[in-house]
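Architecture and fold: a report
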Amino acid sequence: MMLVSVAVAALSYAAPSSIPTIPIAPGVYMPLAGLGTWQYNSSVAYAASLSALRLGYTHIDTALGYKNQDGVGAALREFLKTGSKANGRPPRREDIFITSKIPGGFSEDEAAATLATSLEQLFPGDADGYVDLMLVHFPATWEGEGGKAKRQAEWRALQAFAKAGKARSIGVSHYCRRHLDDVLELGGTPPALNQVQFHVGMGGAGPNATDDRAYHAKVGVAYMGFSPLCGPCDGKDGTELISGELVTSIGAKYGKTGAQVALKWQTQQGIPVVPKSANPVHQAQNIDLFDWELSATDMAALDAATSPPVA
């Protein structure tokens, strides 16, 4: 892997407590803001992750399917080796929350082998390597094949993975209510979290909120939004939550960017976000969310937005 240089090497390590967390499983707390790495190759993922960690990020989100876990793992090792002190001590592995995902649609044995592969990519040669959260990326294969039996088989593999100490918590992504019920039916360790697409324009707690958000609260599964700035959106929809009139006009009241407003709308509801950026300036802005509050009027305006739609 060719690793690109990181422009923020001189930046100091921020205190781990600077980004608030929410509980997602017994003894497991997820930071409300982190770094997404979807569509980054290994070199960009390395540079972006190391930059983010040096700026004070405490959560990196990756996946086997992103094909960049080696870059994320290398950045984590470099940061733990060279990161400057905060609170009088150097950074520790337990200060950093790592989320990964394996594809859906596997048998129990296939899932177990894939989990081992994922961990080896992140922590090569480290028998003690672990992730803080491992997700099933999709309720079926990428081609849409698979059903309840496969979902339950894969979930049994994740439960065993967590029991072996390889994941501090386990969860799912892109699951609807029916898919959640399939794995909840098994008993044992339940999903800690469901990662679904969610952003301004898809509703607050109303009918546009994806994947039955209210049901998550009922069954005790944390709700997390990916693509909080509508990353998959095309054309104007792809920039509306960065430079659109609604978010920028609200941001002007607080001296914040439109993107910060869109992200704050979620974190103020207790929904973790993992916006993607390799730009240190934007990375710093994307975690500058926690010493200010949107007014009830502004939250309501963002709740009521119907654009951009689901990508």
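Since this is a predicted model, take the numbers as computed values, not measurements. One numbering rule holds for all chains: residues counted from 1, following each sequence as written. A pLDDT threshold of at least 70 governs which residues receive local features in this predicted model, and a stricter bar of 80 or more applies before side-chain atom pairs are shown or counted, although totals over entire chains, interfaces and linings include all residues. Side-chain figures throughout are based on the complete set of non-hydrogen atoms in the structure, without hydrogens or water.

For the peptide bond that leads from serine 307 to proline 308, omega is 0°, which places it in the cis range. Non-glycine residue cysteine 230 carries a positive phi angle of around 65°. In this description a helix means any DSSP run of H or I spanning at least four residues, a strand means any run of E spanning at least two, and both kinds are numbered starting from the N terminus. Secondary-structure assignment places cysteine 230 in the loop between β9 (222-226) and α7 (240-243). Judged by its relative accessible area of 0%, cysteine 230 is buried. Each residue's exposure class comes from its accessible area (1.4 Å probe, protein chains only) as a fraction of the maximum for that residue type: buried when under 20%, exposed when over 50%, partly exposed otherwise.

What follows covers the sheet that holds strand β3 (residues 35-36). Being paired, for any two strands, means DSSP has found at least two bridges between them. In spatial order, the strands read β3-β4-β5-β6-β7-β8-β9; together these 7 strands make up an open sheet with parallel pairing. Taken across any chain shown, the strands that pair with only one partner, and hence form the sheet edges, are β3 and β9. In this sheet, β9 lies alongside strand β8 (residues 193-197) in parallel orientation, the contact comprising 5 bridges. In the sheet register, leucine 193 faces β9, and the bridge partner there is alanine 222. Here, two residues are considered to be in contact whenever any of their heavy atoms come within 4.5 Å of each other. Whenever a helix is involved, its axis is fitted only over the stretch in contact; in every case the axis is a line through C-alpha atoms, and angles between N-to-C directions fall within 0 to 180 degrees. Here helix α3 (residues 108-122) sits on the sheet in contact with β5 (97-102) and β6 (133-136), set at roughly 140° to β5.

All right, on to the confidence of the model for the chain then. You can read pLDDT as the predictor saying how much it trusts each residue, on a scale of 0 to 100. Here the chain shows a mean pLDDT of 90. Residues at 70 or above account for 90%. When the criterion is pLDDT under 50, residues 1-17 qualifies, and its contacts beyond four places in sequence or with other chains add up to 46 contacts.

So, on to the packing of α3 against helix α4 (residues 148-163). As a packed pair, α3 and α4 sit with axes 8 Å apart at the nearest point and diverge in direction by 45°. Classified by the interaxial angle, the pair formed by α3 and α4 is oblique. In this structure, the crossing between α3 and α4 has a hand that is right-handed. Seen from α3, the contacting residues are Glu108, Ala111, Ala112, Leu115 and Leu119; seen from α4, they are Ala153, Glu154, Arg156, Ala157, Leu158 and Phe161. Residues are grouped as follows: Ala, Val, Leu, Ile, Met, Phe, Trp, Tyr, Cys and Pro are nonpolar; Asp, Glu, Lys and Arg are charged; every other residue, Gly included, is polar. Residue classes in the contact of α3 with α4 are distributed as 8 nonpolar, no polar and 3 charged. For classification purposes, angles smaller than 35 degrees are called roughly parallel, those larger than 145 roughly antiparallel, those between 65 and 115 roughly perpendicular, and all remaining angles oblique. A clockwise turn of the near helix away from the far one marks a right-handed crossing, whereas an anticlockwise turn of less than a right angle marks a left-handed crossing.

Take the pairing of strand β7 (residues 170-173) next. Here β7 shows no split at all, with Ile170 and Val172 on one side and Gly171 and Ser173 on the other all buried. Bridge count for β6 against β7 is 3 bridges, and the pairing is parallel. Among the inter-strand pairings, valine 136 is bridged to a residue of β7, identified as valine 172. Whether a crossover is right-handed comes down to one check: with the strands pointing away from the viewer, does the path from the first strand over the helix to the second run clockwise; if it does, it is right-handed. Tracing the backbone out of β6, into α4 and back to the parallel element β7 gives a crossover that is right-handed. Two elements, β7 and β8, share 2 bridges in a ladder whose sense is parallel.

This brings us to the packing of helix α2 (residues 69-82) against α3. Two numbers describe how α2 lies on α3: the axes approach to 7 Å, and their chain directions differ by 45°. When the interaxial angle is binned, α2 and α3 end up oblique. Each of Gln69, Asp70, Val72, Gly73 and Arg77 in α2 lies in contact with α3, whose residues at this interface are Ser118, Gln121 and Leu122. Here the contact of α2 with α3 is built from residues that sort into 2 nonpolar, 4 polar and 2 charged.

What follows covers the state of the cysteines. When two cysteine sulfur atoms lie within 2.5 Å, the pair is treated as a disulfide. Tallied over the entire structure, the rule returns 1 disulfide. Covalently, cysteine 230 is tied to cysteine 233 through a disulfide, its sulfur atoms 1.5 Å apart.

Let us now look at the pairing of β6. Residues in a regular strand project their side chains so that they alternate between the two faces of the sheet. Taking every second residue as pointing to the same face, both faces of β6 are buried, with Leu133 and Leu135 on one and Met134 and Val136 on the other. Bridge analysis of β5 against β6 gives 4 bridges, and the strand direction is parallel. Along β6, the bridge assignment pairs serine 100 with methionine 134. The β-α-β motif built from β5, the intervening α3 and the parallel element β6 has right-handed crossover chirality.

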